[in-house]
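Structure at a glance
Letter by letter, the chains look like this.
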Amino acid sequence: MDKVAVFGAYGHTGRFVVDELQARGFVPIPSGRDAGRLAPLAAASGLEARPASVDDPASLDRALAGAAAVVNCAGPFAATAAPVIEAALRAGIPYVDVAAEIEANADTFAHFAGRAGGTPIVPAMAFFGGFGDLLATAALDGRTEADEVHVAYGLSGWHPTRGTRAAGAVSRRRRDGRRVRYSGGRLEYRDDEPPTLEWPFPAPMGSRTVIGEYAMADVVTVPSHLAVPEVTTYMTAEAARDIADPDTPAPAPADERGRSAQTFLVDVIVRSGGTERRAVARGRDIYAVTAPLAVEAVHRLLTGQVRTAGVASAGAIFDAPGFLRALSSHISVDLPA
């Protein structure tokens, strides 16, 4: 059984990743900066805890020793991604992270594209970034260019984790409080208010008010390998209000798997030359569903089911339709025929 290091294993998403790895037959190696939080998680799972800090490369090397891959679940990724990637490169093992931070993901592509060699580095292998990229890539059905990609997030609500709030604060500081969008083939920072509009989500959600140009990591992952000058993401207004409210509580478990009651519908529309193609995904709990996304990526990386190497988004390195269909026990997907 392959061992897979999980940095940030005791965090909200990290715990889901550890559970999913065990369910898939892997042996997780829980790692992270806080030994006090790491020890009880490892003891409860019968696993070997390996504390490590991004400020101590030797500790990261010890954490990854003997591992076949590493999944980084510890944000803010502006601080953790580069050191853990460096450790993965030293170990010669694939790296996967669940970063939703736009700037951190852009940094990964910019800083490691020429250094990764044949070692796979897959950033944003999560609900935000990787999921939308897989859906857009599947909708294109082998094409590599389009005029526009639209990713609309229909969240019933958004109870953010502590990690989400911390990562968001880092991103806001890096942007000087500005918002970001991807237009004209580049990231563009703006001081004006984003537009509000109605989005025609498929059933059962139906038409909902959304915040337009509510940029998520898809604005980095999609154009990293597809020739698309316009990538726009949207967020249901109620979810945007939730995460903007500092009093919104963290997600609470509502089933035996620890998932929250929050549901999602992701509606992706790709337009090119007057034609339109659509891919839709439905499921529950944006944090919990990140675990099967990341673990399926690890499985495919370790079994050679890849289309490229080095730094690559989910849609570039994996067979997008096959990947999405492999997650049928976690999500339902409607892809173009």
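Scroll up to find the structure.
Counting restarts for each chain: residues are numbered from 1 in the order of the written sequence. Reporting in this predicted model follows two pLDDT cut-offs: at least 70 for local features of residues, and 80 or more for side-chain atom pairs to be given and counted; totals over whole chains, interfaces and linings ignore these cut-offs and use all residues. To get the side-chain values, all heavy atoms of the structure are used, and hydrogens and water are removed first.

Let's talk about the nonpolar core
Within soluble globular proteins, side chains that are nonpolar tend to cluster in buried spots. Nonpolar core, defined: a set of buried Ala, Val, Leu, Ile, Met, Phe, Trp, Tyr and Cys residues in which side-chain atoms within 4.5 Å join the residues together. Using a 1.4 Å probe on the protein chains alone, a residue whose accessible area is under 20% of its type maximum counts as buried, one over 50% counts as exposed, and one in between counts as partly exposed. Among the nonpolar cores identified, the biggest contains 105 residues, and Met 125, Phe 127, Phe 131 and Trp 158 are the most heavily contacted of them. Only heavy atoms enter the contact rule, under which two residues are in contact if any of them lie within 4.5 Å. The residues touching Phe 131, leaving out its near neighbours within four places in the chain, are Ala 126, Phe 264, Val 266, Ala 281, Leu 293, Leu 324 and Ile 331. Formed by 9 residues, the second largest nonpolar core is a distinct cluster that contains Ala 152, Phe 201, Tyr 234 and Val 280.

Regarding the environment of Val 219
Here a strand is any run of E in DSSP of at least two residues, a helix any run of H or I of at least four, and the numbering for each starts at the N terminus. Within the secondary structure, Val 219 is located in helix α8 (residues 218-221). Judged by relative accessible area, Val 219 falls into the buried class, the value being 2%. For the pair Val 219 and Gly 129, spaced 90 residues apart in sequence, the C-alpha to C-alpha distance is 7.7 Å. Not counting residues within four places of it along the chain, the set of residues in contact with Val 219 comprises Ile 102, Tyr 182, Leu 187 and Val 231.

Focus: the environment of Arg 33
When you line up the elements, Arg 33 lands in the loop between β2 (27-32) and α2 (35-45). Judged by its relative accessible area of 41%, Arg 33 falls in the partly exposed class. The sequence separation of Arg 33 and Thr 236 amounts to 203 residues, and the corresponding C-alpha distance is 34 Å. Among the polar contacts listed, one links the side chain of Arg 33 to the backbone oxygen of Gly 75, at a separation of 3.2 Å. Counting of polar contacts relies on pairs of N or O atoms within 3.5 Å, with two restrictions inside protein: one atom must be capable of donating a hydrogen and the other of accepting it, and residues adjacent in sequence are counted only when both atoms are side-chain atoms.

A look at the packing of aromatic side chains
In summary, the pairing rule links any two rings of Phe, Tyr or Trp, Trp by its six-membered ring, whose centres are within 6.5 Å, and it sorts them by plane angle into stacked for under 30 degrees, edge-to-face for over 60 and tilted for everything else. Per the counting criterion, the structure on display carries 10 aromatic pairs. Measuring from centroid to centroid gives 5.7 Å for Phe 127 and Phe 131, while their planes differ by 50 degrees, and the two rings are tilted. Residue Phe 127 and its partner Phe 131 are located together in helix α6 (residues 127-140), separated by 4 residues, close to a single helical turn. No difference in accessibility class separates Phe 127 from Phe 131, as the two residues are buried. Connected via pairs of aromatic rings, a cluster forms that spans Phe 127, Phe 128, Phe 131, Tyr 153, Trp 158 and Phe 264.

Read these as geometric descriptors, not functional statements.
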